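Chain by chain, the residues run as shown.
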Amino acid sequence: MFALIDCNNFFVSCERVFRPDLEHKPVVVLSSNDGCVIARSNEAKLLGIPMSAPLFEIRHLVKAYGVETLSCNFELYGDMSHRVMNVLQQQYKNVEVYSIDEAFLMFDANLDWAQEGEKLHRHILQCTGIPTSIGFGPTKTLAKLASIQAKALGVPYYIDGTSSYHHTLKTTSVSKIWGIGAKLTKSLKQHGIYSAYDLMTIEPSWARRNYNIIVERIVQELNGFSCMPLTLIQEPKKSIQITRSFFKPIRDEEILKQAIARYGFRLSAKLREVSQKTTTLFVYAQNSPFRNETSVFHQRTIVLTEPTNSTSTIIGHAQEAIKYFFDPKVAYHKIGIMAVDLRDATQPSTRVLFDKPKALARPDIDKVMDTLNKRFGLGTVRPLSCGESIEWMNKRDNKTPAYTTNWKNLVQVKAK
Ligand SMILES: [Mg+2]
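Residue positions are given per chain, counting from 1 as you read along its sequence in written order. Only residues with pLDDT of at least 70 get local features here, since the model is predicted, and only at 80 or more are side-chain atom pairs given and counted; chain-wide, interface and lining totals rely on the full set of residues. Side-chain numbers come from the whole structure's heavy atoms, not from hydrogens or water.

Q: Any chance you could explain unusual backbone geometry here in plain terms?
A: Excluding glycine, residues mostly carry a negative phi; peptide bonds, for their part, are mostly trans. Within the chain, Asn-9 stands out as a residue other than glycine whose phi angle is a positive 35°. Strands here are runs of E lasting at least two residues and helices are runs of H or I lasting at least four, both read from the DSSP assignment and numbered beginning at the N terminus. Looking at the secondary structure, you find Asn-9 in the loop between β1 (2-7) and α1 (10-18). With a phi close to 70°, Ser-52 is a non-glycine residue in the positive phi region. Examined against the element boundaries, Ser-52 turns out to sit in the loop between α2 (42-46) and α3 (59-65).

Shown next as structure tokens:
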């Protein structure tokens, strides 16, 4: 039997752990630059605030109902996610971390799911402060559907393909099924398939003929035949990208270089975190697609002679790229750096014969930097090339402190 643990309104729940005053209030979390809604509390959902709504479109609701609008605080969400997953991993052997706020577990078929679910919910809440919805089923697809039901009911839920759960499947839209996106939903509806039940009752071979093997598997899974095992080992990433848009356009080469240094710094730290090195960097910059200007997209690809994850090497190449394509006439809106062709950093790399003497590689400095930043918060120690000023960085007017990852941001309690 599979279980899906889904954290309720995750980003909002993380904020509420440290801001209990936000409990029972409508709260939304905004994307970087405070642009669009990326998470909503139940109260905000009830007000009719849709997901991805731009802030300016919901201003009237915010004002009328006193909706708390928070800037995203990914440092906090990442750390809270880590805590939830840790609680699961301490208790169970088979845990698949599926996303920042979801994990699959596997149990014996004869598990007392109601009791186990209740216990698990209480335990996660006690250890982390995060409320969860827990769904059980003989397949991952059914467990995921059950978690939606669990969220609505406020208690763990179980679904299998038997007739006792047909009513649940009949009232669940096909669009709620894991793996069925908007395009597929539209196409299925044209074939008269509206609910999870409708999809369950079609011929798997028909699904394969008209769609593909994935849809066929979903049909099988809805019928209780497990086709998707737990993925316990994370696939190594194929590429890593750091990209951001600026709060206001930038025309200054030095500031652009500082920005790319910051992203290069984060990219190299990420590569080291997953024990990978890159041989190819892709650096790009563009102007705003929303302004009435001819669109500009500059890019430079850098192929390195040897795989690297060194901060100084990556920043050096990234800044060179900016110097190469910078145009003072362009108002830059967004820049990014991507590392492709990733290699396992633990494998020795083949040396290039007769290569020029290597620039000073500084694995020891990188190691010290990673240790300090992990302990005291990202960016505590960073290369000087990243610059001091952060005016160009994202607009985050209402960001809450990094309570759990920065000593300076610890919650202060005053006793009267
Ligand atoms: Mg969730």
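Q: Could you clarify how one ought to interpret the environment of His-317 in this entry?
A: Inspection of the secondary structure puts His-317 in helix α13 (residues 311-325). When accessible area is computed with a 1.4 Å probe and restricted to protein chains, residues below 20% of their type maximum are described as buried, those above 50% as exposed, and intermediate ones as partly exposed. Using a relative accessible area of 29% as the deciding quantity, one classes His-317 as partly exposed. Separated by 60 residues in sequence, His-317 and Gly-377 have C-alpha atoms that sit 26 Å apart. For His-317, the residues in contact, after removing those within four places along its chain, are Leu-281, Ile-302 and Leu-304. Every residue pair with non-hydrogen atoms within 4.5 Å of one another is taken to be in contact.

Q: Where do I start with the packing of aromatic side chains in this structure?
A: The geometry of an aromatic ring pair is captured by two quantities: the separation of the ring centres and the angle between the planes. In this analysis, rings of Phe, Tyr and Trp, with Trp reduced to its six-membered ring, are considered paired at centre separations within 6.5 Å, and the interplanar angle assigns stacked below 30 degrees, edge-to-face beyond 60, and tilted for intermediate values. This structure, assessed with the given rule, holds 18 aromatic pairs. When the centroid spacing of 4.4 Å and the interplanar angle of 5° are considered together, the rings of Phe-11 and Tyr-77 count as stacked. Remark: Tyr-77 occurs in helix α4 (residues 74-91) and Phe-11 occurs in helix α1; sequence separation between them is 66 residues. A relative accessible area of 14% means that Phe-11 is categorised as buried.

Q: Please clarify how the sheet that holds strand β4 (residues 68-71) should be interpreted in this entry.
A: In a beta sheet, neighbouring strands pair by backbone hydrogen bonds and run either parallel or antiparallel. One requirement defines pairing of two strands: DSSP has to find at least two bridges between them. Reading across the sheet, the three strands line up as β3-β2-β4 and stay open at both edges, with mixed pairing between neighbours. Of all strands in the sheet, those with a lone pairing partner are β3 (37-40) and β4, marking the two edges. When strand polarity is set aside, the average angle formed by the axes of neighbouring strands in this sheet is 30°. Inspection of the sheet shows strand β2 (residues 27-30) paired to β3 by three bridges, in the antiparallel sense. Paired with Val-29 across the two strands is Ala-39, which belongs to β3. Axis geometry follows a simple rule: fit a line to the C-alpha atoms, using only the stretch in contact for helices, then measure angles between N-to-C directions, giving values from 0 to 180 degrees.

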